[in-house]
Amino acid sequence: MRSTLVILLLIAGGYVAQAQSKRNIYCDVAINSPGLSATYTMKLTRHFDMGGGLSSYYFRQVNYGSSRSAISFDLRPHWGAKKSLFFIFTDLGLAINGGRQPYLATMSPLGGHIALGPGYCFRINKKGMGPYLSLGMYGNTTHLRDTYPPPPPRSRMRAYLDVYGIMSVGFKF
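The model shown is predicted, which means the values in this text are computed figures rather than measured ones.

Side note on the packing of aromatic side chains
And then number 1: Inspection of every chain in the model, using the stated rule, returns 9 aromatic pairs.
And then number 2: Between the aromatic rings of phenylalanine 86 and tyrosine 120, the centroid separation amounts to 5.0 Å while the plane-to-plane angle is 45°, which identifies the pairing as tilted. Taken together, the residues span a long stretch of sequence, with phenylalanine 86 in strand 5 (residues 84–98) and tyrosine 120 in strand 7 (residues 110–122) at a distance of 34 residues.
And then number 3: Under the relative-accessibility criterion, phenylalanine 86 is labelled partly exposed at 46%.
And then number 4: On the basis of an interplanar angle of 35° and a centroid distance of 6.1 Å, the ring pair of phenylalanine 89 and tyrosine 138 is categorised as tilted. Of the two residues, phenylalanine 89 sits in strand 5 while tyrosine 138 sits in strand 8 (residues 130–146), which places them 49 residues apart along the sequence.
And then number 5: Among the aromatic side chains, those forming a connected cluster through ring pairs are Tyr57, Phe59, Phe89, Tyr138 and Tyr164.

Here's the deal with the pattern of salt bridges
And then number 1: Inspection of the entire model under this criterion finds 3 salt bridges.
And then number 2: One salt bridge in this structure joins aspartate 74 and arginine 76, with 3.0 Å as the shortest N-O distance.
And then number 3: Given a relative accessible area of 4%, arginine 76 falls into the buried group.
And then number 4: Note that aspartate 146 and arginine 158 form a salt bridge whose closest N and O atoms lie 2.6 Å from each other. Here aspartate 146 is found in strand 8, whereas its partner arginine 158 is found in strand 9 (residues 157–172), with 12 residues between them in sequence.

Overview of the side chain of threonine 39
And then number 1: Turning to its location among the elements, threonine 39 is positioned in strand 2 (residues 35–45).
And then number 2: With residues near it in sequence (within four places) discarded, threonine 39 still touches Asn24, Ile25, Tyr26, Gly52, Gly53, Asp74 and Arg76.

Observations concerning the pairing of strand 2
And then number 1: Bridge analysis of strand 1 (residues 23–30) against strand 2 gives 7 bridges, and the strand direction is antiparallel. Its bridge partner being in strand 2, valine 29 is matched across the sheet by leucine 36.
And then number 2: Once strand 1 ends, the chain turns through 4 residues before running back antiparallel as strand 2.
And then number 3: With antiparallel pairing between neighbouring strands as the criterion, strand 2 and strand 3 (residues 48–58) make up a hairpin whose turn holds 2 residues.

Focus on the nonpolar core
And then number 1: Within the largest apolar cluster, 14 residues are counted, with the highest numbers of intra-cluster contacts made by Tyr57, Phe59, Phe87, Tyr138 and Ile166.
And then number 2: Elements represented by at least two residues in this core include exactly strand 1, strand 5, strand 7, strand 8 and strand 9.
And then number 3: Top contributing element to this core by residue count: strand 5, with 3 residues.
And then number 4: Apart from the residues within four sequence positions on either side, phenylalanine 59 is in contact with Ser33, Ser66, Arg68, Tyr164 and Ile166.

What to know about the pairing of strand 1
In the case of a regular strand, side chains alternate between the two sheet surfaces.
And then number 1: Residues Asn24, Tyr26, Asp28 and Ala30 point to one face of strand 1 and are all buried, whereas Arg23, Ile25, Cys27 and Val29, pointing to the other face, are not buried.
And then number 2: Here strand 1 pairs with strand 9 via 5 bridges, running antiparallel. Within the sheet, the bridge partner assigned to cysteine 27 lies in strand 9 and is phenylalanine 171.

Overview of the confidence of the model for the protein chain
And then number 1: Looking at the protein chain, pLDDT values average 83 and 84% of them are 70 or higher.
And then number 2: Between residues 12–20, whose pLDDT stays under 50, and residues either more than four places distant or in other chains, the model counts 2 contacts.

Cut-offs applied
Residues numbered from 1 in each chain as written. Predicted model: local features only at pLDDT ≥ 70, side-chain atom pairs only at ≥ 80, totals over all residues. Heavy atoms only, no water. Phe/Tyr/Trp six-rings, centres within 6.5 Å; stacked < 30°, edge-to-face > 60°. Helix = DSSP H or I, 4+ residues; strand = E, 2+ residues; numbered from the N terminus. Buried < 20%, exposed > 50% of the residue type's maximum accessible area, 1.4 Å probe, protein only. Salt bridge = Lys/Arg side-chain N within 4 Å of Asp/Glu carboxyl O. Contact = heavy atoms within 4.5 Å. Pairing = 2+ DSSP bridges. Core = buried A, V, L, I, M, F, W, Y, C linked by side-chain atoms within 4.5 Å. pLDDT = per-residue confidence, 0-100.

Given below as structure tokens:
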């Protein structure tokens, strides 16, 4: 009975250890704009992870709609040696636009979200945990509807893609 229990514990421990290296959580804080993001990824192949994430940033340089949050689908190829991990993140998702409304127009609360950028993680243990730094281009679409319509040749609806550079520091679990 004891030998069976020991064998089961060894087998279960091996699977738990493997599962920990196949699932990663990236949590970071932006340096140049107040904000944070968290992403959960699962390993698909040796050098490719896929998952989902949440992010929320406040952009001071925007006149209206300065609070941007997003729910995104994340694709993350990565390469690395023992202590180094280089990755590229690509996010596609739904943006939630908030903040001050523009004068003479109404802003749609929902839009599209896209992000792309490289990152570097310094691993501190065998499972890949460690601090990382990433540089990203974050884009959100904003749809505006004019309150007072312009003359007929112009449309009442306008759409913008706002793109911002964000430097983030975080930790990979």
